[in-house]
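Breakdown of the fold
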Amino acid sequence: MSHRENSHAFLIDLDGTMYAGDSRIEHAEPFIGRLRELKLPFLFVTNNSSRTPEQVAAHLIRMGIAAKPEEIVTSSQATAHYIAVRKPGAKVFVIGEAGLKSALEGAGLELVEDRPDYVVQGIDRQFTYDKLARAVQCIMDGAEYVLTNPDRLLPSDGRLVPGAGSIAASIQGALQIEPVVIGKPYEPIMRFALERLAFAEQVWAVGDNPATDILAGQATGLRTALVQTGIAAADNVEELLERSGAAPDLICRNLESLLERLNLHPEGQASK
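A few points on the structure. Since the model is a prediction, treat every value here as computed from it, not as a measurement. (Residues numbered from 1 in each chain as written. Predicted model: local features only at pLDDT ≥ 70, side-chain atom pairs only at ≥ 80, totals over all residues. Heavy atoms only, no water.)

The subject of this paragraph is helix H8 (residues 187-196). Residues of H8 that are buried: Ile189, Met190, Phe192 and Ala193. Projected down its long axis, H8 carries its buried residues within an arc of 160°, all on one side. (Buried < 20%, exposed > 50% of the residue type's maximum accessible area, 1.4 Å probe, protein only. Helix = DSSP H or I, 4+ residues; strand = E, 2+ residues; numbered from the N terminus. Arc of directions from axis to C-beta.)

Okay, the sheet that holds strand S4 (residues 42-46) next. With respect to topology, six strands assemble into an open sheet ordered S5-S4-S1-S13-S14-S15, the strand pairing being parallel. Of all strands in the sheet, those bounded by a partner on one side alone are strand S5 (72-74) and strand S15 (250-252). Pairwise comparison of adjacent strand axes, ignoring direction, gives a mean angle of 25° for this sheet. Most of the contacts of helix H4 (residues 75-86) go to S5, to which it runs at about 65°, and overall it touches S4 and S5. (Pairing = 2+ DSSP bridges. Axes fitted to C-alpha atoms, helices over the stretch in contact; angles between N-to-C directions. Contact = heavy atoms within 4.5 Å.)

Moving on to the packing of aromatic side chains. Applying the stated criterion to the full structure yields two aromatic pairs. Aromatic side chains Phe10 and Phe31 sit 6.0 Å apart centroid to centroid with 80° between the ring planes, which places their arrangement in the edge-to-face category. Taken together, the residues span a long stretch of sequence, with Phe10 in strand S1 (residues 8-12) and Phe31 in helix H2 (residues 28-38) at a distance of 21 residues. Judged by relative accessible area, Phe10 falls into the buried class, the value being 0%. Geometrically, the ring pair formed by Phe42 and Phe44 is edge-to-face, given 5.4 Å between the ring centres and 75° between the ring planes. Accessibility expressed as a relative area gives 9% for Phe42, which makes it buried. Between the NZ or CZ atom of Arg86 and the centre of the ring of Tyr82, over which it lies, the distance is 3.6 Å. (Phe/Tyr/Trp six-rings, centres within 6.5 Å; stacked < 30°, edge-to-face > 60°. Lys NZ or Arg CZ within 6 Å of the ring centre and 35° of its normal.)

Limitation: the analysis is restricted to geometry and does not speak to function.
In structure tokens, the structure reads:
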């Protein structure tokens with residue numbers, strides 16, 4: 001393999017880049033196949049806190065995209081790592097779903113209802129006023145507030161539904177405080193992913209959302225590639241870039257175009 005090929009590695013977004021809900025995005029499977037063929041390091045990086053890495057990998061496999069749990073980085077894993085490094089065995093009150101609870105317990109943290117060291121909050125589709133009240137009280141009593149990801153809206157079955165950021169707005173509104181945020185566009189999730197990524201001279205953050213994927217890459221000092229296959233599309237990309245302040249290194253129609261721009265496309269098979 002040439003030095004040119006060895007120099008690239010990738011942190012790849014999922015929703016809007018690999019798939020849209022239950023539909024695979026065109027060129028996703030051959031893109032990953034080409035990275036494997038060239039033995040280029042990559043990880044899938046998602047703000048989704050509800051699924052375990054095993055569930056995310058299974059979702060990709062169902063759509064024909066080869067994936068292993070160890071190739072997945074979730075905001076839940078990055079959150080668990082953030083806390084475990086700072087206070088091993090910490091007590092945590094969780095507002096979240098199975099993926100978040102699994103990651104926290106897997107990092108040796110103790111899930112409790114009272115007197116936690118941390119309040120950790122992600123997406124929770126069974127969120128209640130009682131959970132809100134308990135979280136507020138725990139934070140007022142001295143617990144640190146950690147948010148898995150700031151996404152206010154999520155795509156679901158062709159519509160948008162409230163995300164973790166919407167739940168966070170209620171906690172922030174009650175206390176007038178800002179949480180520590182782990183997921184994109186913030187650095188912690190990208191730093192965590194980089195620790196797991198094999199060495200490469202040039203790491204690319206690849207995604208469809210300028211306000212999360214591209215800003216996260218920029219904040220971490222990575223090269224960035226915006227693909228117009230999800231949030232960003234040909235008819236809105238300029239507006240999204242202006243609104244977010246993001247400045248990607250590359251703007252590509254799709255993942256096949258990204259391979260071409262990086263001179264990684266199979267010779268003789270470049271698209272027209």
